[in-house]
Every structure is written in structure tokens, then in C-alpha cells.
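This is what each chain is made of:
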Amino acid sequence: MNARPVSYVATVAVLFALAVLAFGVGRYPVSVGEIFSLLASKLTGSEHALPANVETVILQVRGPRILAAVVVGAALAAAGTAYQGMFRNPLVSPDILGVSGGAALGAVLAIFLSLDILMTQALAFAGGLVAVGLVYAVGSRLRGHDPLLALVLTGVIIGTLLGSAIALLKYLADPYNQLPAITYWLLGSLASITPRDLSAAAPLDLAGLVPMLLLRWRINLLALPDDEARALGVDTRRLRIMVVACATLMTAAAVAISGIIGWVGLLIPHAARLLVGPDFGRLLPLAMIMGAAFMLGVDTLCRTIAPIEIPPGVLTALIGTPFFLWLFAFARRSW
Amino acid sequence: MSRFLLFLLIALPVEEAFCQTPQIDATGREIRPPARVERVYAAGPPASTLVFAIAPDKLVGWTRAFRPQEAQFVDPKYAALPELGRLTGRGDTANVEVVLAAKPDLIVDVGSTRASLAALAASVEQRTGIPYALFDGRLDATPKALRSLGLLTGDQARAEKLAAWLEREIADIRARAGRVPADARPRVYYGRGPAGLQTGGRGSINVEVLELLGAINVAEDVRAGLVIVPIEQVLLWNPEVILTTDPNFWRRAWTDPRWGATEAVERKRVYLSPHLPFGWFDFPPGANRLLGAWWAGKVLYPSQFDIDLRAKVAEFHRLFYHREPTRAQLDALLGEPGVLPR
């Protein structure tokens, strides 16, 4: 009996069900009938007699937000999976090399300078790439240490530095206007997603994903000690740069439109590993589907359970903490 | 015993010479400033604006330095006062040593009078030995704050003049707003932040102007304080007018199809509050919001607020900022796209 296909089919089914549910619920009342007649009119190209707001809610509000949750969740889960495999460490999340800190600094700087949303996203994206570039440049020059350890430590140290820079900008920001905006950005949210955001982030995430998918079998070898991997003919250094670049691209693009959303990239790879084991080739697609479903479920709760938006990071932590404890206490599967 | 009484009799008048009769601040604490208050440290922007209004030469510095476009509205000697940082609230950027180095005779804060701020005032007062008065910063409590401040700094006449003027203005705004028939009051959404999704419910300091105008705030029932609302909720409210303080959001509202679905955008009733030298509508939460009330009254209820906004702005600036804006400055303030209906 093979559990793997079952896992894929089940998670895809859950994701699909959640997407359907997410289209159907929200603060603005839209009936299932209205959704179907809109769908029918879009498919057949005929006119529909629906109120204009219904079309806006479904196509401009819920559609982009659902897609954004899927993209962000999948990207964070993929990056987390790659890093956990590469660093051979179960506590690693996508921001280990400073991508979130760099993105946060970029966004906070943009808010501090009263730039518009587009510039905030652009600076967040660039900040994420620059931070990881810096960490990699410094970390790979530290000789005489385990290269992975040097990288992680550099990431932690530069992350702290970025944190102080953010604190400084918060300290200098206008407390009535900029500070709340900074706080809300750092909490993360998909509340203001537009189709344009999505059309910018999705291709970047895809660009990070494709090499990772193509190299998925080889990435397994990164989990071996360096000399063993080299004996198998793998240039670990180049492969590692590749993984870091792809994971960073995906995370930076996701974080630029969503803000910082914790736990997804840490939790989902573990959950996926429980189902299909540690093989990266099998793990990556499943983790992405699960990440997408998890993020979509969380975001749907965020926008429906109260008249105000709930920050997704709050819910991911509420779900993530007990799951993680349970995992460590009871799950004995090796990885 | 009698000796002790004698001592008291001698000591009391001496004590009087050094201290005024104590004032009670909004938290019920007794404030005993020296008889002559020459230097005042304002702990936050609302306090700065009030101290600046009644005793500009006693203000030792601003909590945040003027930006060039803000500085053009005040005398350069005031704009050049040093940046000392805030002492209270979320920013909490002021170093107590900086405050001490500025050698104030009095520290003033205006805004919320909640227990944590009262405790901060007491603790700073104890640590520095400088009297620290805290006053209620709600717009309709501002005349009272001005009068109390005037008593403490010894500028009663100036404070009384401004307080009485402010009271008349607020009463005038109330009376005009009160005459607006119920069916002529549009449903208003106040959108803050670059995405316009931050708003304030009933009782939020951010929407005091709306409450003064008796306007219908669509977000009335969400909890007080700043919150983020889902865009679907805004579409459900379907506001007839959107007011904002964020130029980025004002521009975005016209091009974003989601906002385009609101009645306000369809009817081209999205307005941007001026923000120089201090914000009009929301922040900083000081007397500056009086202009926000006149402005919002004009865009919400044009027939009841058939007033000369330029004259109002000029008068307010003369009284509170000690300098009337030039014609070009008024043109720039009121001519910014979105401030007034075209």
C-alpha cells in the first residue's frame, strides 16, 4: 500500500475545496448562484445581470486574494523545504539568511519616506535580495568553518543588524501615521492585494520554482556531508548557490506583497515530511500544495471571522505552536 | 509644638514666593510650577502645538523637527527650535537627559489621560523634579486645556483669547452641522494609510472630526482605535464619501477597480485632507483639527458650510501659528488635487 499518491490527491482536494469555500465566503454577501452565473457568463462570454459589486468582489477582491494566498503559501513552503534539506536542520525557515529582515527594512524605509505601495513592494523585494546577497558574500568568505554553519551564523548576525535598522526607523517615524503603517506591514496581511501585485509576484515565484523543480533530485544530495556529495560528482557549492538564489527569489517576491508571515515555511515542510518522507523530489510538490492550502485557510479566516482584518501571523502561530510541539513529542519519523 | 507652628507661619509665605498656587491637571495630580515659567517642554506634537499657540517663546523645542515644506508656515526662529523627541506614547523617543539638558520649568503633555500616561507623568516628575502636567487632548476639551496651560505658564490672557475663540468656532461648527437634515448626511468612510484600509470606529481619536460634525461614520461599529478592515467590508458599507489623509491612497482610489465599486468613487467624492504644517483631519491630534472640521464640513455639507475656507485657514494660522499664510501658500494648501471638489 503506497501512501504517497493518496497524500497528493488528498491535499489537492483540500486545496480545491478551500478555494471554492474561499470564493463563497466573505464580509460581502455573495450567493453560490451568483458565483456560478458569473462563472457561466465569463465562460460563455455572455452578459450577466449581476450587480456590479458582486463581480468586483469575486474577480477583484476574492480572486486575487485567493491566488495570492496560494502563491505566498506555496512559495514560503517551497523555500522552507529547500532550506531545511540543505541546512540539514529542522528549525530552519525561509528567513534564516535574512530575506525577511531585508524585505522588512526595505518596506519600512519606503513607508518612512512616504512612498506609495508599489515602491514599498519594490524596495521590500530588493531589500530581501540584497540582504541574502550580503549574507552569502560574507558567510562564504569565512574560512575554516563548516560552510553551512558560517552561512547560518552570518544570517543570524546580519538579521540582528537589519532588526536594529528597522527599530531605528520605527523610532524616527511619525507615530500617528507612519508607525501604524510600519506595524501593520510587519504583521503581514493579504488585505490590500490587487491583481497587479499578483502579476508582479507570481512570475518571480515561478522563476525561482522552476530551477528548484528541475534540480529536485540533486538537491537531495545536499543533505549528505560535502565530501560524500562531491564523491557522487555534485558541485555542492554551485548547487547551494542555486538553492539559496531560488529560495530567496521566491520568498522575497512573496514577502514583498504579503509582509512578514511566519510559521508557514517552518511548519509545512515538517507536515509534508510526515506524509511522504524526506526525499526532496517528492517533498517539494506536496509541501507547496500544503503551504498553499494552509495559507488559503488561514487567510480566509483572517478576512471573515471579524469585521476587521486579523493578522495572518497571529493565526499561523496559534496553529503552528501546538502542531510543532506535537510533532516533536510524538512524531518519530526520521528525516 | 508652638515652635513648629511658628516655623510653618514663616515658611509658608516663602513657599508661596517660589511656587504658584497648585493646579490640578486632567489626571487629578497637583502641579506646582515655579512662579515664572520661562521654558516649557512639550512631550508630544499636540502639546507642542498648544504651547506654541499661547507661548511660542517658551517652547524649548519640537518633538520632531520641521520638514522644509512644513517650516515655511512658521517664523524661521520657531521652525529652527531643536528636535527633542517625544516623551510619551508609542514613539517614546525622548531621552530624559535630553529633556533635563533643555532645562524646562514645566513639562506638558496633551492627549490621552489614561492611567499609563498619568503614571509616566508622575514617574518623570519624580525622576527629574520638573512639574509634569497632562491635559485631555480631545478637540472639545482643548479650550479647557488651553486655559489650564495658560494658568501654569502665566499666559492667561493669551490662553483665554484662544480658548474663547476656539469655543466659538467649535460651537459654530456644531450649530451648522446640527442644521443638516438627516437625509442630507452622507455615509462617510475615513481611509488611512497607503492602502486606505486603516480606519477608526466610534470613539477613536482618529475620527473626532467626524463625530463633531455628526457625520455618519460607516465604520462606527468596529471597535474604537485604529483597525484594518477588509475591502469587502468597505464595499458592503458602500460609503458615499471617502475622506483620507494619504495622498497615495487618494490617487490609488481612482485607478483601483475595487475602490471604483464604491459610490464615493463613482460620484467622485473622495477627498484628501491637507496636512501642512500639521495635519488637518486626524493627526497630530491637536487644535489643528479645527481646520479639519471646517474642511470636512465643507465637503460633506456644502450648503450648511458655505464659508470662506481661506479666511478660516488664515485666521487659524494667525492665532495658533503666529503667521498668516501667503496667498501662494493658501493656493497650494487648498489647491492640492483632491482637497476640494472641482
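(A) Main features of the packing of helix α15 (residues 309-321) of chain B against helix α16 (residues 327-335) of chain B. Residue and element names in this part refer to chain B. Relative to each other, α15 and α16 sit at 120 degrees, their axes nearing to 11 Å. Crossing of α15 over α16 shows right-handed handedness. Contact with α15, carried on its side by Leu 309, Arg 310, Val 313 and Ala 314, involves Leu 330, Leu 333 and Leu 334 of α16 and no other residues of that element. Counted by class, the contact of α15 with α16 contains six nonpolar, no polar and one charged residues.

(B) Summary view of the sheet that holds strand β5 (residues 132-136) of chain B. All names here are of chain B. Spatially, three strands are ordered β3-β4-β5 in an open sheet, and the strand pairing comes out parallel. The open sheet is flanked by β3 (40-42) and β5, the only strands paired with a single partner. Averaged over all adjacent pairs, the angle separating strand axes in this sheet is 25 degrees, with direction ignored. Two strands pair when backbone bridges link them, and strand β4 (residues 106-111) and β5 are joined in this way by five bridges, in the parallel orientation. By the bridge assignment for β5, Asp 109 is matched with Leu 134. Packing against the sheet, helix α6 (residues 115-128) makes contact with β4 and β5, and its axis sits at approximately 160 degrees to β5.

(C) Spatial organisation of the pairing of strand β10 (residues 241-244) of chain B. Residue and element names in this part refer to chain B. Where burial is concerned, the two faces of β10 agree: the one with Val 241 and Leu 243 and the one with Ile 242 and Thr 244 are both buried. Direction of pairing for strand β6 (residues 187-191) relative to β10: parallel, over a ladder of four bridges. Residue pairing for β10: Gly 191 is matched across the bridge by Thr 244. Looking at chain direction, β10 and strand β11 (residues 270-272) are connected through three bridges and run parallel. For Leu 243, the partnering residue across the bridge sits in β11 and is Tyr 271.

(D) Expanded view of helix α2 (residues 45-54) of chain B. All names here are of chain B. The element α2 is extensively covered by neighbouring structure, given that ten of its ten residues are classed as buried. Listed as buried for α2 are Pro 45, Pro 46, Ala 47, Ser 48, Thr 49, Leu 50, Val 51, Phe 52, Ala 53 and Ile 54. For α2, the elements touching its buried residues are β3, α4 (76-79), β4, α7 (142-153), α8 (156-178) and α15.

(E) Expanded view of the interface of chain A and chain B. Across the contact, 27 residues belong to chain A and 28 residues belong to chain B. Sorting the residues of the side of chain A that touches chain B by element identifies α3 (52-86) and α7 (178-187) of chain A as the ones contributing at least two each. Considering every element that reaches the side of chain A that touches chain B, the biggest residue donor is α3 of chain A, with six residues. Of the residues assigned to the side of chain A that touches chain B, the class counts are 15 nonpolar, eight polar and four charged.

(F) Summary view of the environment of Cys 302 of chain A. Residue and element names in this part refer to chain A. Structurally, Cys 302 is set in helix α13 (residues 280-304). Cys 302 sits in the buried class, given 26 other C-beta atoms within 10 Å. Distance from Cys 302 to Leu 318, taken between C-alpha atoms, is 13 Å for residues 16 residues apart in sequence. The residues contacting Cys 302, other than those within four sequence positions of it, are Glu 309, Ile 310, Pro 312 and Leu 315.

(G) Molecular detail of the domain arrangement of chain B. All names here are of chain B. The assigned domain composition of chain B is domain 1 (10-170) and domain 2 (181-335). Of note, the centres of domain 1 and domain 2, computed from C-alpha atoms alone, are 28 Å apart. Every contact between the two is made by 22 residues of domain 1 and, on the other side, 20 residues of domain 2. Those elements that place two or more of their residues in the side of domain 1 that touches domain 2 are α2, α3 (68-71), β4 and α8.

(H) Representation of the packing of helix α12 (residues 264-276) of chain A against helix α14 (residues 312-330) of chain A within the structure. Residue and element names in this part refer to chain A. At their nearest, the axes of α12 and α14 sit 10 Å apart, and the two run at 40 degrees to each other. With respect to their mutual orientation, α12 and α14 come out oblique. Seen along the crossing, α12 lies across α14 with a hand that is left-handed. Contacts between α12 and α14 involve Val 264, Leu 267 and His 270 from the first element and Thr 316, Gly 320, Phe 323, Phe 324 and Leu 327 from the second.

(I) Fine view of the nonpolar core. One finds Ala 78 and Leu 296 of chain A together with Val 51 and Val 108 of chain B to be the most contacted residues of the largest nonpolar core, which totals 196 residues. For this core, the leading source of residues is α3 of chain A, giving 19 residues. Both domains that meet at this core, namely domain 1 (10-170) and domain 2 (181-335) of chain B, each give it at least three residues. Aside from chain neighbours lying at most four places away, what touches Val 51 of chain B is Val 40, Ala 42, Lys 58, Leu 59, Val 108 and Leu 149 of chain B.

(J) Representation of unusual backbone geometry within the structure. Residues and elements named next belong to chain B. With an omega of -10 degrees, the peptide bond running from Leu 276 to Pro 277 counts as cis. On the secondary structure map, Pro 277 appears in the loop between β11 and α14 (289-300). A cis amide bond links Phe 283 to the next residue, Pro 284, at an omega of -5 degrees. Note on placement: Pro 284 falls in the loop between β11 and α14.

How each quantity is defined
Along each chain, the written sequence defines residue order, and numbers are assigned to residues from 1. Going through the entries in the order they are written, you letter the chains from A and number the ligands from 1. Totals for whole chains, interfaces and linings use every residue, but because this is a predicted model, local features are given only for residues with pLDDT of at least 70 and side-chain atom pairs only at 80 or more, for both listing and counting. Here the axes come from fitting lines to C-alpha atoms, over the contacting stretch only for helices, and the angles between their N-to-C directions go from 0 to 180 degrees. The secondary structure listing takes helices from DSSP runs of H or I that are at least 4 residues long and strands from runs of E that are at least 2 residues long, numbered from the N terminus. Two helices cross in a left-handed way if the nearer one is turned anticlockwise from the farther one by less than a right angle. They cross in a right-handed way if the turn is clockwise. Here, residues touch in the contact sense if the C-beta positions derived from the backbone fall within 7 Å of one another. When residues are grouped by polarity, Ala, Val, Leu, Ile, Met, Phe, Trp, Tyr, Cys and Pro land in nonpolar, Asp, Glu, Lys and Arg in charged, and all others, Gly among them, in polar. Here, a strand pair is defined by DSSP locating no fewer than two bridges between the strands. Buried means a residue has 20 or more other C-beta atoms within 10 Å of its own C-beta, exposed means 12 or fewer, and partly exposed covers the counts in between; C-beta atoms are placed from the backbone. Segmentation of the chain into domains, including their bounds, is taken from an automatic or database domain assignment. Throughout, the term roughly parallel applies to angles under 35 degrees, roughly antiparallel to angles over 145, roughly perpendicular to angles from 65 to 115, and oblique to all others. Throughout this description, the term nonpolar core refers to a group of buried Ala, Val, Leu, Ile, Met, Phe, Trp, Tyr and Cys residues whose C-beta atoms join them within 7 Å.

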